[in-house]
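A look at the structure
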Amino acid sequence: MNNDTKKGVFLGILITIAAILVINTAQIGYRVLIKKEINYETKEKTIYNLMKDNYVEDLDNEDIYEGLFTGMVALATDKYSRYISAEDFESYQISTSGNYAGIGAKTSIDPDDYSIYIVSTYENSPAEKAGLKSGDKIIKVDGTVVSYDNYDDAIDQIRGPEGTSIVLTVKRGEETFDATVTREHVDVPTVGGTVLDNNIGYIKIEGFESVTYDQYKAVYDDLRSQGITSLIIDLRNNPGGLLDIVTKIADDIIPEGTITYTEDKNGKREYIKSSEGELDIPLAVLVNENSASASELLTAAVKDTGKGTIIGKNTYGKGVVQTTFPLNDGSAVKLTTSKYYTPKGVCIDGVGVAPDIEVDNPENYEYTTLSSSKAECDLTNDTQLIKAVEYLTNNN
């Protein structure tokens, strides 16, 4: 190649590089100047400054960024994933542990006057010892009037260090009085049981929390000592809970094999297996449209293995697993990280588990909740329970 040719090639390369640079610069300029494209970090700062400089009221930096974090998770993911503030994460940990220092009462809010009312008191709890009863309204907490706006704060205030006391102003009928309650460590009852006619055992599980397996074993062993010959497990209105807890209970019930398996976004599967040993008496499982997540996992394992008969209504259909990631400031992010599958390989998310025997309960039927390890049963109006008793009586 002669010198003139080499110069021509070199010049051509320079011209090409220059053209590419001009094109790229033009594209960048178009995006920035014509389309006014800005990156997310710049946009965040722009909106922040607009709010601080122009919004008519004062703004709190913490509120701004808590809203940013909340929206980031909520809008980009499914309905089960969420950002949890440091304050809420503390309450969340208490709710999933099933134990805390408090008064030992199940409460709700009265929609008429926004007072806190006691649904039930737990057996041998501080609330029971202080004479509080179902239906009592808590209208003040340490002198602070309870309202709709401070309901959550009032509940948090009722909880506190073990051994400390709180004064509750209570309204019972037309009577108003103060009750001093000393906080104690409380194990929330999540499992209760009883023996029905024809030696049928009944176990109600309200949720799968860290205390639930031990409570289940205690109730089950007590029923077996009373000579039950068949068993009903009631999972109605059970919203789910901890995966490791429900699989321990399933391991006690179904034969050796797969309880469930999970699959993540990369197709990685993790199998959870049951060991040798299984329930050796006939079983019926009660479910309804509010049986969700972990309760569906147990239901599907029983159904797929043929270990029992499912009675009631089609379940909720939550077949995904959440993982909670704590952050260093005390807050956390809860994300859906995998889906779980039944022993037969079915993902029930959005579908639910269909009962073997479909039975509905009366409209607006009020289910009893647990206040101790003893469960109350309604064999007059609870048509689903009546059907389970009838089924086990005829197939025992």
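Our subject is the structure that appears above.
Residues numbered from 1 in each chain as written. Predicted model: local features only at pLDDT ≥ 70, side-chain atom pairs only at ≥ 80, totals over all residues. Heavy atoms only, no water.

1. Examining the pairing of strand β15 (residues 283–287)
The two faces of the sheet receive side chains in turn, since in a regular strand these alternate between them. Of all the 5 residues making up β15, 5 are buried; the element is thus mostly covered by neighbouring parts of the structure. The alternating pattern of β15 places Leu283, Val285 and Val287 on one face and Ala284 and Leu286 on the opposite face, and all of these are buried. Two strands pair when backbone bridges link them, and strand β12 (residues 230–234) and β15 are joined in this way by 4 bridges, in the parallel orientation. Looking at the pairing, Ile233 lines up with Val285 of β15. For β15 and strand β16 (residues 309–312), the ladder comprises 4 bridges, and the chain directions are parallel. Residue pairing for β16: Leu286 is matched across the bridge by Ile311. (Buried < 20%, exposed > 50% of the residue type's maximum accessible area, 1.4 Å probe, protein only. Helix = DSSP H or I, 4+ residues; strand = E, 2+ residues; numbered from the N terminus. Pairing = 2+ DSSP bridges.)

2. Considering the side chain of Thr121
Along the chain, Thr121 falls in strand β4 (residues 116–121). Given the relative accessible area of 14%, Thr121 is considered buried.

3. As for the packing of aromatic side chains
On inspection of all chains with the given rule, the structure shows 7 aromatic pairs. Where Tyr261 meets Tyr341, the ring centres are 5.0 Å apart and the plane angle is 5°; that geometry is what we call stacked. With Tyr261 in strand β13 (residues 257–264) and Tyr341 in strand β18 (residues 332–341), this pair connects stretches of sequence that are 80 residues apart. Tyr341 matches Tyr261 in its accessibility class, with the two residues each being buried. Between Tyr365 and Tyr367 the ring centres are 5.0 Å apart and the planes differ by 85°, which places this aromatic pair in the edge-to-face class. For Tyr365, a relative accessible area of 17% gives the class buried. With a relative accessible area of 23%, Tyr367 lands in the partly exposed category. (Phe/Tyr/Trp six-rings, centres within 6.5 Å; stacked < 30°, edge-to-face > 60°.)

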